[in-house]
Each structure stands twice: as structure tokens, then as C-alpha cells.
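Chain residues, written in single-letter form:
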Amino acid sequence: MVIWLIGLSGSGKTTVGKEVFRIWKKKSPQTIFLDGDEVRDIFSNENYSRDYTLKGRRLNAERISRLCLWLDNYNINIVASVLSVFPDMQDWNRKNFKKYFQVFLDVPMNILVKRDTKNLYKEALSGKIKNVVGVDIDFPKPKNSNLILTQTKSQMTVDFCVKEILKKSGIINENKS
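These figures come from a predicted structure and were not determined experimentally.

Trainee: Could you give an account of the overall build of the protein chain, with specific residues and numbers?
Mentor: The number of helices and strands found in the protein chain is seven helices and five strands. For the protein chain, the sequential pattern of α-helices and β-strands runs β-α-β-α-α-β-α-β-α-α-β-α. Against the globule reference of 16 Å for 177 residues, the protein chain gives a C-alpha radius of gyration of 16 Å, in line with a compact fold. The C-alpha extent of the protein chain, read off along each of the three principal axes, is 50 × 40 × 25 Å. Burial analysis of the protein chain (177 residues in total) assigns 45% to the buried set. Long-range contacts, defined here as pairs at least 24 residues apart, represent 73% of the contacts in the protein chain between residues at least 6 apart. Each charge class in the protein chain can be summarised by its mean position, and for the 30 positive and 19 negative side chains these summaries are 4 Å apart.

Right under this line is the structure:
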């Protein structure tokens with residue numbers, strides 16, 4: 001199974017994904033965690049691999065999906081934390097992976113800006129940097145997610161998100177805590 005976590009930078013994809021991975025791996029050792037930024041770093045020997053334009057992002061998205069497909073064909077479970085700005089790639093995933101569970105971490109921009117530990121949004125909003133998804137690159141909200149976790153004024157904890165993902169994906173029985 002592939003659990004595909006989608007959200008803007010700062011939405012909690014990596015934090016939630018690592019915890020889902022940690023718990024799932026105990027039950028199913030053939031499970032790995034993939035982070036979009038880490039995949040980009042793996043291919044950093046190519047000049048264009050650090051390209052954050054739509055073209056560069058497309059290349060990285062295709063690499064992540066193809067890598068997941070390869071692993072999926074070997075019955076390796078994957079938790080992938082990916083910004084995922086291409087709806088057609090999400091459709092491709094759903095058609096090609098044996099079992100695909102898409103989770104959208106929907107966090108409003110005002111909360112993302114407050115959480116912005118990398119100063120990504122601050123620099124983009126001030127014009128210092130470009131090609132930031134959610135600022136000058138459109139982020140189409142996923143339409144076919146299996147689970148949408150929306151951050152509102154009340155704090156949605158990592159623990160809550162992880163439990164919801166594990167239950168709704170069928171990894172753990174809903175009757176167990």
C-alpha cells in the first residue's frame with residue numbers, strides 16, 4: 001500500500017508521515033518512508049534536480065511516483081510525504097499503485113505562515129524568493145483524497161492525524177486505540 005500525504009510546506013506532512021511510518025513498520029517491516037525533499041536531495045548531482053519551477057517540480061513528482069511504483073511492485077509499503085501539485089500525477093498514482101490511500105493535510109495559509117520555521121513564506125511574500133507553492137505557484141487542492149484532515153482554529157495534533165490515517169487506511173482496526 002502507498003499512503004500519499006499531500007499538503008503545503010509546513011502542513012505537517014513529514015512529521016505525520018514519519019510517525020505513521022514508525023507505527024506501521026512495527027506491524028509490517030517491509031515499509032519505508034519517502035519525503036519529497038529527500039528524493040530531490042538524492043538526485044542533487046544533476047543541475048536541474050534543484051529546480052523549484054513547475055518543470056523541476058514535475059520532474060521530482062514523476063521520480064517519486066515511479067520510485068513508489070517500483071517499490072510497490074516488490075510489495076513494499078510506502079508512506080510518501082509530498083507537496084504534490086499535479087492532479088494528473090495523483091490520478092496516475094491511483095491507477096498504477098496496488099492500493100493507494102491519499103491524505104490531504106489542509107492547513108490555511110495564515111497558520112502555515114505562523115509555523116514557517118524555514119522562513120519560506122516570509123521570503124516569498126516579501127519577494128525575496130520565487131517558485132513557492134501557495135504563494136506564486138498555484139496549489140490545486142486535491143479532489144479525490146481518501147482522507148482530508150483540516151486544521152482549524154483548534155489544534156489538530158500529530159497524534160490525532162496519525163490515528164485517523166492508520167484507522168481509515170485499514171492499517172489498524174478502528175476498535176483498537
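Now that the structure is up, let's keep going.
Trainee: Describe the pairing of strand S1 (residues 2–6), naming the residues involved and giving the relevant values.
Mentor: Taking burial as the measure, the five residues of S1 include five buried ones, the bulk of the element. Across the two faces of S1 the burial is the same, with Val 2, Trp 4 and Ile 6 and Ile 3 and Leu 5 all buried. One ladder, built from five bridges, connects S1 with strand S3 (residues 77–82); its direction is parallel. Each residue of the ladder has a partner; that of Trp 4, found in S3, is Ala 80.

Trainee: Describe helix H3 (residues 54–73), and please don't skip the residues or the numbers.
Mentor: With 20 residues, H3 extends 28 Å from end C-alpha to end C-alpha; this agrees with the ideal 28 Å at 1.5 Å per step. Those residues of H3 that sit buried are Gly 56, Arg 57, Asn 60, Ala 61, Arg 63, Ile 64, Ser 65, Cys 68, Leu 69, Leu 71 and Asp 72. Packed against the buried residues of H3 are S1, strand S2 (31–35), helix H2 (36–42), S3 and helix H4 (87–96).

Trainee: Describe in detail the packing of aromatic side chains, supporting the description with residues and values.
Mentor: Within this structure, the stated rule accounts for seven aromatic pairs. Both rings, one in Trp 4 and one in Phe 97, keep their centres 6.4 Å apart while their planes meet at 45 degrees; by these two values the pair is tilted. Residue Trp 4 is located in strand S1, and its partner Phe 97 is located in the loop between H4 and strand S4 (100–106); the two are separated by 93 residues in the primary sequence. An identical accessibility class is assigned to Trp 4 and Phe 97; each is buried. Summarising the aromatic geometry, the rings of Phe 21 and Phe 33 are spaced 6.3 Å apart at their centres and angled 45 degrees between planes, so their arrangement reads as tilted. Note that Phe 21 is positioned in helix H1 (residues 13–27) and Phe 33 in strand S2, a separation of twelve residues in sequence. Directly above the aromatic system of Tyr 52 lies the positively charged group of Arg 40, at a separation of 4.2 Å from the ring centroid.

Trainee: Break down the side chain of Asp 116 for me, citing the residues and quoting the values.
Mentor: With respect to the helices and strands, the residue Asp 116 is situated in the loop between helix H5 (109–115) and helix H6 (120–125). Among buried charged residues, Asp 116 stands out as having no salt bridge; its nearest opposite-charge side chain is Lys 118, 7.6 Å away. In this structure, Asp 116 is in contact with Tyr 121 and Lys 122, ignoring residues within four places of it in sequence.

Trainee: So what's going on with the sheet that holds S4? Residues and values would help.
Mentor: Taken in spatial order, the five strands make up an open sheet running S2-S3-S1-S4-S5, and their pairing is parallel. Only two strands of the sheet have a single partner each, and these edge strands are S2 and strand S5 (147–150). For this sheet the average axis-to-axis angle between neighbouring strands, irrespective of direction, equals 15 degrees. In this sheet, S4 lies alongside S1 in parallel orientation, the contact comprising five bridges.

Trainee: Mind laying out the pattern of salt bridges, listing which residues take part and the relevant values?
Mentor: As enumerated under the stated definition, the model contains six salt bridges in all. As a salt-bridge pair, Arg 58 and Glu 62 come within 3.0 Å of each other at their nearest N and O atoms. Taken together, the residues Arg 58 and Glu 62, both in helix H3 and four residues apart, mark about one turn of the helix. Since its relative accessible area comes to 23%, Arg 58 is described here as partly exposed. Residue Lys 163 pairs with Asp 159 through a salt bridge whose shortest N-O separation is 3.3 Å. Note that Lys 163 and Asp 159 are positioned in helix H7 (residues 158–168) at a spacing of four residues, about one turn of the helix. One salt-bridge network, in which partners are shared between bridges, spans Arg 58, Glu 62 and Asp 88.

Cut-offs and rules
Residues numbered from 1 in each chain as written. Predicted model: local features only at pLDDT ≥ 70, side-chain atom pairs only at ≥ 80, totals over all residues. Heavy atoms only, no water. Helix = DSSP H or I, 4+ residues; strand = E, 2+ residues; numbered from the N terminus. Rg over C-alpha atoms; globule rule 2.2 N^0.38 Å. Buried < 20%, exposed > 50% of the residue type's maximum accessible area, 1.4 Å probe, protein only. Contact = heavy atoms within 4.5 Å. Lys, Arg positive; Asp, Glu negative; His and termini not counted. Charge placed at Lys NZ, Arg CZ, Asp CG, Glu CD. Pairing = 2+ DSSP bridges. Expected span 1.5 Å × (residues − 1). Phe/Tyr/Trp six-rings, centres within 6.5 Å; stacked < 30°, edge-to-face > 60°. Lys NZ or Arg CZ within 6 Å of the ring centre and 35° of its normal. Salt bridge = Lys/Arg side-chain N within 4 Å of Asp/Glu carboxyl O. Axes fitted to C-alpha atoms, helices over the stretch in contact; angles between N-to-C directions.

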